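Single-letter residue listing:
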Amino acid sequence: MAGATTVSVQFKPFGVKLEFTGTIQSDNTIRLKVFPEVSSLDYTNAVTVSGFVLPAIATRHAETVVELQDGQSFGIAGLLDQRATAQFSKVPGIADVPILGQLFRSRSVSTLNSELLVIVTPTIVDSAAPNGAPNLPQMPLAPIDQKQFDTSVPGAPRPK
């Protein structure tokens, strides 16, 4: 077909991604390269093709290298996301009437502020040690009772 336009759309992953590479130094310190990344859909820079809205992806990232002792922790923060969304509503027809129409229109603005905080605690695990693998760090919080949140679990409370 002559003159036909072909559009292809490629999926791009987005969300929170954390990459890190650890290297054990000769003095048993841990050299840790950390690369946190946060990306989200950006409809302000979207493109409309053949009636489909294709959003852009807004990405923020940081990169750092730290040296830690076994079991030491470090934190990195600052990947901020500040968004303001304005939504306009009106009653069709009557909202277009001069002066009186102002009573039949509304505008709401919602703001979202978020920040990513990453805390890393590297631990050297030597599986070749004579006494086996050491105890790994445990989560400081008790596990969540699945019955409290998942209604598909037998014995879980049903929503009212």
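Small disclaimer: the values here were computed from a predicted structure and weren't measured.

Scoring rules and cut-offs
Residues numbered from 1 in each chain as written. Predicted model: local features only at pLDDT ≥ 70, side-chain atom pairs only at ≥ 80, totals over all residues. Heavy atoms only, no water. Helix = DSSP H or I, 4+ residues; strand = E, 2+ residues; numbered from the N terminus. Buried < 20%, exposed > 50% of the residue type's maximum accessible area, 1.4 Å probe, protein only. Contact = heavy atoms within 4.5 Å. Areas by Shrake-Rupley, 256 points an atom, 1.4 Å probe, with all protein chains shown as cover. Core = buried A, V, L, I, M, F, W, Y, C linked by side-chain atoms within 4.5 Å. Patch = residues over 30% accessible without salt bridge, like charges linked within 9 Å, V, L, I, M, F, W, Y side chains within 5 Å. Salt bridge = Lys/Arg side-chain N within 4 Å of Asp/Glu carboxyl O. 1 Å grid on protein atoms, 1.4 Å probe; cavity = no way out; pocket = protein on both sides within 12 Å on 5 of 7 lines; lining within 4 Å. Points joined across faces, edges and corners; volume = space filled by probe spheres on them. Nonpolar A, V, L, I, M, F, W, Y, C, P; charged D, E, K, R; others polar.

1. Overview of the overall build of the protein chain
Link 1 in the chain: Broken down by element type, the protein chain carries 1 helix and 6 strands.
Link 2 in the chain: Here the protein chain, with 160 residues, has 16% of them falling under the buried criterion.
Link 3 in the chain: At a minimum sequence separation of 6, the contacts of the protein chain that also span at least 24 residues come to 50%.
Link 4 in the chain: Accessible surface for the protein chain amounts to roughly 12,900 Å². Of this, 56% is attributable to carbon and sulfur atoms.

2. What about the nonpolar core?
Link 1 in the chain: Judged by nonpolar contacts, L32, V34, V38, V66, L68, F74, I76, L79, L116, V118 and V120 together constitute the single largest core of 11 residues.
Link 2 in the chain: Put simply, the parts of the chain that give this core at least two residues each are strand 2 (30-49), strand 4 (64-68), strand 5 (74-90) and strand 6 (105-120).
Link 3 in the chain: Among residues more than four places away in sequence, those in contact with L79 are P36, E37, V38, R60, H61, A62, S114, E115 and L116.

3. Some words on a nonpolar patch on the surface
Link 1 in the chain: On the surface, a cluster of nonpolar side chains totalling about 490 Å² of accessible area is made up of V91, I94, V97, L100, L103 and F104.
Link 2 in the chain: Its location among the elements puts L100 in the loop between strand 5 and strand 6.

4. Details of the layout of surface pockets
Link 1 in the chain: Its boundaries defined by the atoms lining it, the largest pocket holds a volume of some 220 Å³.
Link 2 in the chain: Taken together, V9, Q10, F11, K12, F14, L41, V53, L54, P55 and I57 make up the full set of residues lining the largest pocket.
Link 3 in the chain: Among the residues forming the lining of the largest pocket, the class breakdown is 8 nonpolar, 1 polar and 1 charged.

5. What to know about the environment of V47
Link 1 in the chain: Here V47 is to be found in strand 2.
Link 2 in the chain: Every residue in contact with V47, bar those within four places of it in the chain, is listed here: F52, V53 and L54.

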